[in-house]
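Reading the structure
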Amino acid sequence: MKRILFLAIFTLIISAACSSSPDVMDTAIDKQKELDAAYEKATSEMANDAKAKAKEERLAQEEEDRKIHDEEERKAIEDRLAQEEEDRLAQEEEERKAIEDRLAQEEEERKAIEDRLAQEEEDRLAQEEETGDPRKDEIDMFKRIVSENTGPACNIYGIAPCPEWPNFIKTKPSKNDIPVYKESSCEGKFDSTEYLLKSPKEAYIDCLINASKSDAKPYVIQGAQMDPKVKEAVLEAQQYGAELLGNWGPLLNVFVRYGEPDLEYIASQECLYRSKYSDYDYDGCYEYTYWYYRTFDDCCGAMHGTPMALASVRFQSMTYNGPDKQYESQEIRKSTLHEYIHVWQSAFKVHPHETRCSDEANKLCELGNGPLWLEEGSAEYFAVYFAEKKAWSNLRFVLTEKLTSAQNVYNKWGFTLKNSHNRGAKDKLDQHECNCGGAIMYDMGIWGIAWLVHKSKSNDGFLKEFYPRVAYIGYQQAFENAFGLTLDEFYNEFALWFDQTPKSEKLKIIDVISKY
Ligand SMILES: [Zn+2]
């Protein structure tokens, strides 16, 4: 642009200089001035333009830089705030967890002390005036548990005041109400001193296991004025158990409320039933049962009674302590399912020596169900697992709670499932300062089951392999077949996993096993 202007001006000067007339000269000079002025104006405008533009560009650049800088600063502040918030939340969560753990620990310690005191009291009562007849000593102890109570409770174990039942009409026991069952007998014989069967083994065991099956309706003994919904709930859960695992029994259900006003009827009816279908003597049964039930506390529990070996009717029992309270707290269906799993497990205990073996505290019966933690852990695991499908329980909740308990005992004392292999070992844990027989057997036990289910990627190890096969091949071999490792290998691998896996990682297996 500048070059074009210079050329134009130069051409004009040349052409003016070539003219010779003075007028022409003046005009040319004027013209020249004009041109000079125009040139000056043009160049100065150009310079101003350039300056303005440069300034504009600089300002734009500055503005842009400022914006970038501001944005960077804003982001930095934002990041810092987000980080601070995250740190604060993490800190809070950690504190909350610490408090939770501490509370759980305290609760556990409180329970341990309570249990120990109760045990000491029981031992004291048991040792008073021994007669040498263990059954009579036990009944005397039950009587003292009732008579030595000085508070408003029904016995020394109770906490709530013993309930009153004005105008209660008691039920009369009746032999005619006892159901009549089909009897079965199997051709064969056990050796009287060994586990060995004298008869062809497989067929005899098949027959004995079959004798544990029954399509008979569960029988219920309960006091008058019991809420009928309790019985309904129990039968519903037993029906569900039968759908899942088959019909085993027959089942005898006994409901005992706290301070049961119809206790004479309940004890009597139960003993009529037992003396009909097992070798119980009615009078001895009545005295024992009546006084035992009077020691029941406010809440709650359920007990399973195994079938008699080689009996022609292999009935199994469920005795409920405070079934009305369990119904109110919506626990009764899950706890019934737990007991039904014991019924199913016990259906495979067909060897008469099984009972004798479990009486020996330090020995497990080879053809029985193996360690107690396995029996209890799997009963609770599958009860909760199946109950969850009916919205009666929650696997994650239960496993999380049990893990806290097991982890607390482990962190403090280092005990694992190996320390609860047989009844003697479990009793030792109860007598130990930790008083943790229950925590290891049930709470770590259910985690032993969860670990095995996770490892074998299926429930079949328990449901199809282990229990259905123990009577034939023994618990050690059945365990190895079901889970691909020996029980000793399991104890070591599980202990290592329990020790080295953070709690949050342990809990992650629930996502997987809950879907099997
Ligand atoms: Zn149990």
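Just so we're clear, the structure is a prediction, and the values are computed from it rather than from any experiment.

**Some points on the overall build of the protein**
The helix and strand inventory of the protein stands at 18 helices and four strands. For the protein, the proportion of its 516 residues judged to be buried stands at 33%. Sequence-distant contacts, at least 24 apart, represent 69% of the contacts inside the protein between residues at least 6 apart.

**Digging into the nonpolar core**
Ranked by internal contacts, the top residues of the largest apolar core, which has 92 residues, are Ala-383, Val-409, Ile-440, Ala-450 and Val-470. Looking at which element gives the most residues to this core, the answer is helix 14 (residues 437-456), with twelve residues. Once residues within four sequence positions are removed from consideration, Val-470 is found in contact with Phe-348, Leu-367, Gly-368, Asn-369, Tyr-475 and Ala-478.

**Things to note about helix 3 (residues 134-147)**
Compared with an ideal rise of 1.5 Å per residue, which puts 14 residues at 20 Å, helix 3 spans 20 Å between its outermost C-alpha atoms and is within 8% of the ideal. For helix 3, every residue scored as buried is listed here: Met-141, Phe-142 and Ile-145. Along the axis of helix 3, the buried positions cluster into a sector of 100 degrees, meaning they face one direction only.

**Describing unusual backbone geometry**
Along the chain, Gly-249 connects to Pro-250 via a cis peptide bond; the corresponding omega equals 10 degrees. Among the structural elements, Pro-250 can be located in the loop between helix 5 (228-245) and strand 2 (251-256). Note the cis peptide between Cys-299 and Cys-300, where omega equals -15 degrees. Structurally, Cys-300 can be placed in the loop between helix 7 (282-294) and strand 3 (301-305). Look at Gln-225: it is not a glycine, yet its phi comes out positive at around 65 degrees. With respect to the helices and strands, Gln-225 occurs in the loop between strand 1 (219-221) and helix 5. Backbone geometry places Asn-435, a non-glycine residue, at a positive phi of 45 degrees. Secondary-structure assignment places Asn-435 in the loop between helix 13 (423-431) and helix 14.

**Notes on the sheet that holds strand 3**
The strand order 1-2-4-3 describes an open sheet built from four strands, whose pairing is mixed. Only two strands of the sheet have a single neighbouring strand rather than two, namely strand 1 and strand 3. Averaged over all pairs of adjacent strands, the angle between strand axes in this sheet comes to 15 degrees, irrespective of strand direction. Taken together, the three bridges between strand 1 and strand 2 define a ladder with parallel strand orientation. Within strand 2, the residue paired with Ile-221 across the bridge is Val-254. Helix 6 (residues 263-277) rests against strand 1 and strand 2 of the sheet, and its axis sits at about 165 degrees to strand 2.

**Let's talk about helix 9 (residues 332-347)**
Taking 1.5 Å per residue, 16 residues should reach 22 Å; helix 9 reaches 22 Å between its end C-alpha atoms and fits that length. Of all the 16 residues making up helix 9, 16 are buried; the element is thus mostly covered by neighbouring parts of the structure.

**Digging into the packing of helix 6 against helix 7**
Close contact between helix 6 and helix 7 brings their axes to 9 Å; oriented N to C, the two are set at 140 degrees. Here helix 7 runs oblique to helix 6, going by the angle between their axes. Here helix 6 runs over helix 7; the crossing is right-handed. From helix 6, Leu-263, Ile-266, Ala-267, Ser-268, Glu-270, Cys-271, Leu-272, Arg-274 and Ser-275 reach across to helix 7, where they touch Tyr-282, Cys-285, Tyr-286, Thr-289, Tyr-290, Tyr-293 and Arg-294. In terms of residue class, the contact of helix 6 with helix 7 is built from ten nonpolar, three polar and three charged.

**Some remarks on the confidence of the model for the protein**
A residue-level look at the protein finds 87% of positions with pLDDT of 70 or above and a mean pLDDT of 87. The low-confidence segment residues 1-22 (pLDDT under 50) makes 13 contacts with residues lying over four places distant or belonging to another chain.

**Considering the environment of Pro-179**
Looking at the element boundaries, Pro-179 is found in the loop between helix 3 and helix 4 (201-210). The class for Pro-179 is partly exposed, based on 15 C-beta atoms found within 10 Å. The spatial distance from the C-alpha of Pro-179 to the C-alpha of Tyr-219 is 7.5 Å, given a sequence separation of 40 residues. Excluding residues that lie within four positions of it along the chain, Pro-179 makes contacts with Ala-216 and Tyr-219.

**Some thoughts on the pairing of strand 4 (residues 316-321)**
Counting buried positions along strand 4 gives six out of six residues, so the element sits mostly inside the fold. Side chains of strand 4 alternate between two faces, with Gln-316, Met-318 and Tyr-320 and Ser-317, Thr-319 and Asn-321 buried alike. The pairing of strand 2 with strand 4 spans six bridges and is classified as parallel. Bridging from a neighbouring strand, Val-256 pairs with Asn-321 of strand 4.

**Focus: the environment of Gly-246**
Checked against the element boundaries, Gly-246 lands in the loop between helix 5 and strand 2. Taking the C-alpha atoms as reference points, Gly-246 and Lys-213, separated by 33 residues in sequence, lie 8.0 Å from one another.

**Topic: the packing of helix 14 against helix 18 (residues 503-513)**
Taken N-terminus to C-terminus, the directions of helix 14 and helix 18 make an angle of 55 degrees; their axes are 10 Å apart at the nearest point. Classified by the angle their axes make, helix 14 and helix 18 are oblique. Regarding helix 14 and helix 18, the two cross each other, and that crossing is left-handed. Across the interface between the two elements, Ala-450, Val-453 and His-454 from helix 14 touch Ile-509, Val-512 and Ile-513 from helix 18.

The rules we used
Position numbers for residues count from 1 along each chain, tracking the sequence in the order it is written. Local features in a predicted model are, by the rule used here, given only for residues with pLDDT of at least 70; side-chain atom pairs are given and counted only at 80 or more, and totals for whole chains, interfaces and linings are based on all residues. Runs of H or I in DSSP of at least four residues are treated as helices and runs of E of at least two as strands, each being numbered from the N terminus. Residues with at least 20 other C-beta atoms within 10 Å of their own are called buried, those with 12 or fewer are called exposed, and the rest are partly exposed. The C-beta atoms themselves are positioned from the backbone. By definition, residue pairs are in contact when their C-beta atoms, positioned from the backbone, come within 7 Å. Each nonpolar core reported here comprises buried Ala, Val, Leu, Ile, Met, Phe, Trp, Tyr and Cys residues connected via C-beta atoms within 7 Å. A helix is expected to span 1.5 Å for every residue after the first. Of all possible arcs, the one meant is that of the directions from the helix axis to the C-beta atoms. Should DSSP find at least two bridges between two strands, the strands are taken to pair. Fitted lines through C-alpha atoms give the axes, limited to the stretch in contact for helices. The angle between two N-to-C directions lies from 0 to 180 degrees. Note on angle classes: values under 35 degrees are labelled roughly parallel, values over 145 roughly antiparallel, values of 65 to 115 roughly perpendicular, and the remainder oblique. Two helices that cross are described as forming a left-handed crossing if the nearer one is turned anticlockwise from the farther one by less than a right angle, and a right-handed crossing if clockwise. Throughout this entry, Asp, Glu, Lys and Arg are counted as charged residues, while Ala, Val, Leu, Ile, Met, Phe, Trp, Tyr, Cys and Pro are counted as nonpolar. The remaining residues, Gly among them, count as polar. As a per-residue measure, pLDDT tells how confident the predictor is, with possible values from 0 to 100.

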